[in-house]
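Now for the letters of each chain:
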Amino acid sequence: MLPAYLSNPFAAVFGGGKPIDGGRTYKDGRRILGDGKTYRGLFSGIFCGFLAGCIEIWLSMRGFEIMGIKMPTFGPDYATALIVVLALASGALFGDMFKSFFKRRMGLKRGASLPLVDQLDFVVGAWVFTYLVAPEWFVSNFTTGIALTVLIMTPLLHLTTNIIGYFIGVKKEPW
Ligand code: CTP
Ligand code: K
Ligand code: MG
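Here is a short report on the structure shown in this document. (Residues numbered from 1 in each chain as written. Chains lettered and ligands numbered in written order. Predicted model: local features only at pLDDT ≥ 70, side-chain atom pairs only at ≥ 80, totals over all residues. Heavy atoms only, no water.)

**Comments concerning the overall build of the protein**
Inference 1: Looking only at helices and strands, the protein has six helices and zero strands in total.
Inference 2: Taken from N to C terminus, the helices and strands of the protein fall in the order α-α-α-α-α-α.
Inference 3: For the protein, whose C-alpha radius of gyration is 17 Å, the value lies close to the compact-globule estimate of 16 Å for 175 residues.
Inference 4: Along the first, second and third principal axes, the C-alpha atoms of the protein reach 55 × 35 × 30 Å.
Inference 5: When the accessible surface of the protein is totalled, it reaches about 10,000 Å², and 71% of it is carbon and sulfur.
Inference 6: In the protein, which carries 17 positive and 11 negative side-chain charges, the distance between the mean positions of the two groups comes to 10 Å. (Helix = DSSP H or I, 4+ residues; strand = E, 2+ residues; numbered from the N terminus. Rg over C-alpha atoms; globule rule 2.2 N^0.38 Å. Areas by Shrake-Rupley, 256 points an atom, 1.4 Å probe, with all protein chains shown as cover. Lys, Arg positive; Asp, Glu negative; His and termini not counted. Charge placed at Lys NZ, Arg CZ, Asp CG, Glu CD.)

Here it is, written out as structure tokens:
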């Protein structure tokens, strides 16, 4: 889940500039996505999440071995692993963007809070993308236990990182 977890905060750190919706409004007269979804945030977030995933893959291939720790391998299919980490990172930000679209349709302004949805949008996005690109990997790795742990832990982790983001000034709101 690390690529999915990291793409969001890195989008907040590096985001800004041209909004993805180009400032355009939807037929309801409200912004399509809003100024909180930018190209820079999207691409830098995906890049950083993917990089984190590559480091994870490398560690499982070589790193632990170098440190003298015997690890079960990530799986023989490293091409799948690369596709999966890319799907986790990009699915997270597309899930987040999808949520912003619905927040705008509900009349919620950029940054307005939508409890639980704000904390789980990226998890659902990451899982949907991963399922679409690697369904077999998905069903064999996401057991009910893992899924439940992630769903319970994520809102807590998310709130903690966002409070930190708020105090260091990269997030406008602490959620
Ligand atoms: N961000 C970005 N591009 C993205 C996602 C995030 O530039 N694709 C940056 C924006 O600066 C955004 C910040 O990260 O303000 C925090 O992200 P988020 O909480 O998802 O956005 P909000 O500003 O809360 O907007 P929304 O109400 O649409 O969720
Ligand atoms: K978000
Ligand atoms: Mg927000």
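Picking up after the structure, the text goes on.
**Some details on the site of ligand 1**
Inference 1: Taken together, 18 residues form the shell around ligand 1, and within it Lys37, Thr38, Ser100, Arg110 and Gly111 come nearest.
Inference 2: In this structure, an oxygen atom belonging to ligand 1 sits 2.6 Å away from a side-chain N or O atom of Thr38.
Inference 3: Summarising the interface, the protein chains cover 91% of the accessible area of ligand 1, which totals 570 Å² for the free molecule.
Inference 4: The element best represented in the shell around ligand 1 is helix 3 (residues 78-105), accounting for five residues. (Near = heavy atom within 4 Å. Polar contact = N/O pair within 3.5 Å; in protein donor to acceptor, adjacent residues only side chain to side chain.)

**What about the nonpolar core?**
Inference 1: Ranked by size, the top nonpolar core spans 16 residues in total, and within it Met1, Ala4, Leu88, Val123, Trp127 and Phe142 carry the most contacts.
Inference 2: Looking at this core, the elements with two or more residues in it are helix 3, helix 4 (117-133), helix 5 (135-141) and helix 6 (144-168).
Inference 3: Top element by residues in this core is helix 4. It accounts for five residues.
Inference 4: Counting seven residues, the second largest nonpolar core, distinct from the first, contains Ala11, Leu33, Leu42 and Leu93. (Core = buried A, V, L, I, M, F, W, Y, C linked by side-chain atoms within 4.5 Å. Buried < 20%, exposed > 50% of the residue type's maximum accessible area, 1.4 Å probe, protein only.)

**Digging into the side chain of Lys37**
Inference 1: Mapped onto the elements of the fold, Lys37 is located in the loop between helix 1 (2-14) and helix 2 (39-66).
Inference 2: Polar contacts involving the side chain of Lys37 include one to the side chain of Ser100, which spans 3.2 Å.

**A word on the coordination of the potassium ion (ligand 2)**
Inference 1: Donor atoms from the polypeptide that coordinate the potassium ion (ligand 2) comprise Asn8 (OD1) and Asp96 (OD), at 2.7 to 3.2 Å from the metal.
Inference 2: The magnesium ion (ligand 3) is placed at 4.8 Å from the potassium ion (ligand 2). In this pair, Asn8 sits in helix 1 while Asp96 sits in helix 3, placing the two residues 88 residues apart along the sequence. Both residues of the pair, Asn8 and Asp96, count as buried. (Donors = N, O, S within 2.8 Å, 3.2 Å for Na, K, Ca; no water.)

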